[in-house]
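Listed here are the chains, written in short residue letters.
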Amino acid sequence: MSDALYQDPMQSQPMVILYTGIGFRMVPDAFSLADPVFLRHILVIMCVVRNLFHVYLCWRQLRLVQWVRELPVEMQGAMTSEEFQVAKIDEGYAVEQKLIAYVFDAIFSCMELYFGILPALWRVIISAYSIVDDLIWQSIAFVGLFTCYMVLRKLPLVFYAKLVLEPFYEISPDKSIPLVGLLCSFALLIVLLQVGLIPLTTIFLFIESHGGRYFVLWIWGFLFLTSLLLLLIVNLYGIGLIGKQTKLPAGSLNDALQDLLPKFKFPTDCVYIFRTFYAYNATAYALGCLCKRQVVILENLLMNQGRPESELQEDEIGRGLNDDQLVAYIAHELSHWYYQHHRIAFFMVHATLLIYLLIFGLCYRQTVLFEAAGFPSTFYPPIVGYWLVYKYVMPLYLTITNWIIFYFMRKFEFAADKYTCQLGYSSGFISALLKLFSDYRIFPYVDPWFLMWHRVKPASLQRIRNLMQLQTSFVPV
């Protein structure tokens, strides 16, 4: 392949590649996966069916949002009717934006195959780097251009959301980034993607070129060891690398935790407050491996972030959990640690990743796959195969594995809720869930089908009803 692809760079002669792919042919020579035209139709059908399935799931959730008129009985005191209407609007806007994203993604995915967009991007790279006789450098340049294309691919959704959805749902300007600011953030996103993906691409291509036939196992090993190292660092040293982590000062909360922590064999002085410039989710973590154990509480989980009201904005006053609620919430997180849910999830994700990479290793070097994307049969850049396999070959596998992983993640939440109830903290934890529900105006209802593929955690309403049932079944230990 290299003799056909490259010329001597010392001659400074531009490389010429004749792109004699399948072009716009629509009628296959044979109804076989070995025929690139037929395979292209199959890949498009797989991608479109997957996206239409998720469009249907989003439609179900949108229908639920439109049908529901009032709060459930369990949450009547946690939110006013006006706040409930705001939650409905926010949920409808978010879900419809996701629905439209699947529609645009299906359209662009079809265009990429039928109009030969990927070969066109590669031709741009060859034109710019025609005398660079190194496939790795050309592949890195392609990743840089491809990331720009993927960001630009999102622009129709951005314009639709800003010009159509936001006026329709009457989204407040306070909740929305101006269009100009959003476009500027896309430029920053391109830079960040380049910084992250280009080194990773270099590592993957090096492993591929030196890993032999089973290079996917080396890639999986690299990802496994890297993530395992990060997990070990977080468990030993906390998350202070991305913010300021300080020990919980003496006070009522510290005193309230003295009875809870010994039940899990955690030291009583291992609780830390984590402060950062931006924290989206109000949560806490129970971390620990080997001899090091600690509880990390994000500052926005504390009542008023643990600060005087004079230092807060108006909408931040009154947010957060009181001591009893916070102790119950930490008991829930310690229950996750007790059952080792985070470690199970870690190995479960990497098991599915290993299977994915094994299937990827079988598919991505199939010449007919690149022909179906518009490349000629005499040449295909392997780096493009990463996207082709992920986007067009693996939708069914990813749909199944996402359902499995999300199912177990929700099951873990129910198991931790159950153990929290056994410890005698069910009332405090129900109160904590209601308080967070009130603080962040979460829409309480979730369609069961939408939940299975789009929610890692059960809905708050499900958990509260489950905890109320458990309260009558257990005697606190």
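What counts as what
Residues numbered from 1 in each chain as written. Predicted model: local features only at pLDDT ≥ 70, side-chain atom pairs only at ≥ 80, totals over all residues. Heavy atoms only, no water. Helix = DSSP H or I, 4+ residues; strand = E, 2+ residues; numbered from the N terminus. Buried < 20%, exposed > 50% of the residue type's maximum accessible area, 1.4 Å probe, protein only. Areas by Shrake-Rupley, 256 points an atom, 1.4 Å probe, with all protein chains shown as cover. pLDDT = per-residue confidence, 0-100. Contact = heavy atoms within 4.5 Å. Core = buried A, V, L, I, M, F, W, Y, C linked by side-chain atoms within 4.5 Å. Phe/Tyr/Trp six-rings, centres within 6.5 Å; stacked < 30°, edge-to-face > 60°. Patch = residues over 30% accessible without salt bridge, like charges linked within 9 Å, V, L, I, M, F, W, Y side chains within 5 Å. Salt bridge = Lys/Arg side-chain N within 4 Å of Asp/Glu carboxyl O.

A.B. asks: Please explain the overall build of the chain as it appears in this structure.
C.D. replies: Of the regular secondary structure elements, the chain holds 17 helices and four strands. For the chain, the spread of C-alpha atoms along the principal axes amounts to about 75 × 50 × 45 Å. Of all 477 residues assigned to the chain, the portion counted as buried reaches 47%. Carbon and sulfur atoms provide 66% of the accessible area of the chain, an area that totals close to 24,800 Å².

A.B. asks: How do you make sense of the confidence of the model for the chain when you look at a structure like this?
C.D. replies: Should the pLDDT be low somewhere, the predicted coordinates at that spot are not to be read in detail. In the predicted model, the chain carries a mean pLDDT of 86, and 92% of its residues have values of at least 70. Every residue in residues 1-13 scores below 50 in pLDDT, and together they form 19 contacts with partners more than four places removed in sequence or on other chains.

A.B. asks: I'm lost on the nonpolar core in this one. Help?
C.D. replies: General note: in soluble globular proteins, nonpolar side chains tend to be found buried as a group. Leu-257, Leu-260, Ile-297, Leu-301 and Leu-334 are the most contacted members of the largest nonpolar core, which totals 51 residues. Counting 47 residues, the second largest nonpolar core, distinct from the first, contains Ile-126, Val-216, Tyr-380 and Ile-383.

A.B. asks: Would you mind showing me how to read the packing of aromatic side chains here?
C.D. replies: A ring pair, where both rings are aromatic, is described by two values, the distance of the centres and the angle of the planes. With the rule as written, the count across this model stands at 36 aromatic pairs. Aromatic side chains Phe-84 and Phe-443 sit 6.0 Å apart centroid to centroid with 15 degrees between the ring planes, which places their arrangement in the stacked category. One end of the pair, Phe-84, is in helix H3 (residues 81-114); the other, Phe-443, is in the loop between helix H15 (426-440) and helix H16 (448-454), and 359 residues separate them in sequence. Taking relative accessible area as the criterion, Phe-84 reaches 2% and is therefore assigned buried. A relative accessible area of 5% places Phe-443 in the buried class.

A.B. asks: Before we go on, may I ask you to explain a nonpolar patch on the surface in this structure?
C.D. replies: Residues Leu-396, Ile-400, Trp-403, Ile-404, Tyr-407 and Phe-408 make up a contiguous nonpolar surface patch of roughly 530 Å² in combined accessible area. With respect to the helices and strands, Ile-400 occurs in helix H14 (residues 395-422).

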